[in-house]
Amino acid sequence: MSEPKAIETTCMIAGAGPAGLMLGLLLARAGVDVVVVEKHGDFLRDFRGDTIHPSTLEVMSELGLIDEFLKLPHTRAPKLTAEMGGKTITMADFSRLPVKNRFIAFMPQWDFLNFLADRAARYPNFRLIMNAKVKDILEQQGLVTGLAIETTDGDLFIRSKLVVGADGRSSVVREKAGLVVENFGVPSEVVWMKLSKQPGDPHEVMGHAGPRQGFVLIDRGDYWQCGYVIRRTTFADIREKGVETFRQMVVEVSPLPAERMREVRSFDDTSLLTVRIDRLKQWWRPGLICIGDAAHAMSPIGGVGVNLAIQDAVAAANILSAPLREGKLADEDLAAVERRRNFPTKATQKLQLMMRSSRRADQADQEKRKGPPAFIRGIARFPLLAHLAGRLIGLGFRMEHVRPR
């Protein structure tokens, strides 16, 4: 039996999602040798985070890529809306943001990732390996020195000065590294599906509908991406009752005509997302750090997960590029990344928990109990708060900027 192949690099990144590819691009741009591994063979997967926030558009602008980037097919949302009591209200308004592109761009994530991968590949010190699954971490005396990878060509050892876990909310890297995860709130479920667009449909690019915003509607150009937020039951229970019961539950909160749900012929036409909010107690250990969903899983509320992942990548590149390039990486550099991104992570998760929270279950007024959380009602009552929400969703609590080379 032959020995596993081995390669060496300065930084290896597990996961070619938004965080991993953006960090790989920025490190390569800064002169750092970097290898990114991705377990899939391509980026073609439905119902991933497809929101490109104003802060991410600003990053693309600072990289000099914005004009090329916006040539890719996308739809623009200058505001996010919700239906409450039969009225459409603005939940987040981006029109006053201090950036050039004051909108959320809805773009299939595979287009975004292919764009980042293509631009990163133009640097000779960048390498992307697809169909490469993380098996384990490599370490010596408590120091992480690389990853053991399973590829279609056999096992591979990649040794590096730094390992970055950017492999999502089910991160193998953080599990193998023994990093401790803290969970917040009660997990919930969202069922995604595609429905056709027809004349007379709502005009919102992205909207929430129903008495507790139980239905998400995203304009994908020639179809709607719809998300049904499950309340007071589970998807497993719904499946047992059959697809007709599921259709009726969605019809009760959907602004689309009831017959449109006939397009969901079976549960094979749906995709389940289990939503949980968590974060690592400590994001790093010697030789390794996690960013993006691997460090902090978010609710899909506001689509901020991709935004925070990109911001993590920019902050990590700003702090780690010089130490990596000069061979002087220390634990303090990894701790500095966590300190930089810890506050916006905690603040965003706190805001998401507020937006998900409902009134006490023992409250007598049943109709009010069915209403939206207090945070949402506040925005409906004071429209100026929509601009504040637009800033928090569009730019985050701490916006990162790309440092000049």
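Our structure is the block above this text.
Here goes a summary of the coordinates provided. The structure displayed is predicted, hence computed values, not measured ones. (Residues numbered from 1 in each chain as written. Predicted model: local features only at pLDDT ≥ 70, side-chain atom pairs only at ≥ 80, totals over all residues. Heavy atoms only, no water.)

1. Overview of the sheet that holds strand β7 (residues 104–106)
Step number 1: Taken together, the 3 strands give an open sheet; going across it, the order is β3-β7-β4, and neighbouring strands pair in antiparallel fashion. Lying at the two open borders of the sheet, with one neighbouring strand each, are β3 (51–52) and β4 (75–77).
Step number 2: Summarising the sheet, β3 and β7 pair through 2 bridges and their orientation is antiparallel. Counterpart to threonine 51 in the pairing with β7 is phenylalanine 106. (Pairing = 2+ DSSP bridges. Helix = DSSP H or I, 4+ residues; strand = E, 2+ residues; numbered from the N terminus.)

2. Topic: the packing of helix α1 (residues 18–29) against helix α8 (residues 304–326)
Step number 1: Contact pair α1 / α8: the axes reach a minimum separation of 8 Å and the direction vectors enclose 30°. With respect to α8, the axis of α1 lies roughly parallel. Crossing of α1 against α8: the hand is right-handed. Taking contact as the criterion, the partners of Pro18, Ala19, Met22, Leu23, Leu26 and Leu27 in α1 are, on α8, Val306, Ala309, Ile310, Ala313, Val314, Ala316, Ala317, Ser321 and Leu324.
Step number 2: Of the residues assigned to the contact of α1 with α8, the class counts are 14 nonpolar, 1 polar and no charged. (Axes fitted to C-alpha atoms, helices over the stretch in contact; angles between N-to-C directions. Parallel < 35°, antiparallel > 145°, perpendicular 65-115°, else oblique. Left-handed = near helix turned anticlockwise from the far one by under 90°. Contact = heavy atoms within 4.5 Å. Nonpolar A, V, L, I, M, F, W, Y, C, P; charged D, E, K, R; others polar.)

3. Description of the packing of aromatic side chains
Aromatic ring pairs are described here by two measures, namely the spacing of the ring centres and the angle between the planes.
Step number 1: Tallied over the full model, the rule gives 7 aromatic pairs.
Step number 2: With a centroid separation of 6.3 Å and an interplanar angle of 75°, the aromatic rings of phenylalanine 235 and phenylalanine 246 are classed as edge-to-face. One end of the pair, phenylalanine 235, is in helix α6 (residues 235–241); the other, phenylalanine 246, is in helix α7 (residues 243–251), with 11 residues separating them in the sequence.
Step number 3: Here the aromatic rings of phenylalanine 343 and phenylalanine 397 are separated by 6.0 Å at their centres, their planes lie at 80°, and the arrangement is edge-to-face. Taken together, the residues span a long stretch of sequence, with phenylalanine 343 in helix α9 (residues 331–356) and phenylalanine 397 in the segment after α12 (385–394) at a distance of 54 residues.
Step number 4: Here the aromatic residues Tyr228, Phe235, Phe246 and Phe267 are joined through ring pairs into a cluster of three or more.
Step number 5: For arginine 119, the ring lying beneath its charged end belongs to phenylalanine 115, and the centroid distance is 4.1 Å. (Phe/Tyr/Trp six-rings, centres within 6.5 Å; stacked < 30°, edge-to-face > 60°. Lys NZ or Arg CZ within 6 Å of the ring centre and 35° of its normal.)

4. Some thoughts on the pattern of salt bridges
Step number 1: Applying the stated criterion to the full structure yields 16 salt bridges.
Step number 2: Its salt-bridge partner being glutamate 244, residue arginine 247 comes within 2.7 Å of it at the nearest N-O pair. Note that arginine 247 and glutamate 244 are positioned in helix α7 at a spacing of 3 residues, about one turn of the helix.
Step number 3: The class of arginine 247 is buried, set by a relative accessible area of 10%. (Salt bridge = Lys/Arg side-chain N within 4 Å of Asp/Glu carboxyl O. Buried < 20%, exposed > 50% of the residue type's maximum accessible area, 1.4 Å probe, protein only.)

5. Things to note about α7
In an α-helix, one turn spans 3.6 residues, which is why side chains three or four residues apart end up on the same side.
Step number 1: The set of residues buried in α7 consists of Val243, Phe246, Arg247 and Val250. Buried residues along α7 cover an arc of 100° about the axis, so they all sit on one side.
Step number 2: Turning to α7, the residues buried within the fold contact β12 (181–196), β14 (215–219), β15 (223–229), α6 and β16 (270–280). (Arc of directions from axis to C-beta.)

6. Concerning a nonpolar patch on the surface
Step number 1: Together, Phe382, Leu385 and Leu388 make up a nonpolar patch on the protein surface, roughly 270 Å² of accessible area in all.
Step number 2: Of note, phenylalanine 382 is situated in the loop between α11 (374–381) and α12.
Step number 3: Given the relative accessible area of 46%, phenylalanine 382 is considered partly exposed. (Patch = residues over 30% accessible without salt bridge, like charges linked within 9 Å, V, L, I, M, F, W, Y side chains within 5 Å. Areas by Shrake-Rupley, 256 points an atom, 1.4 Å probe, with all protein chains shown as cover.)

7. Observations concerning the environment of arginine 247
Step number 1: In this structure, the C-alpha to C-alpha distance between arginine 247 and valine 264, residues 17 residues apart in sequence, is 7.8 Å.
Step number 2: Setting aside anything within four residues of it in sequence, one finds arginine 247 in contact with Met261, Arg262, Val264 and Arg265.
Step number 3: Of the polar contacts made by the side chain of arginine 247, one reaches the side chain of glutamate 244; its length is 2.7 Å. (Polar contact = N/O pair within 3.5 Å; in protein donor to acceptor, adjacent residues only side chain to side chain.)

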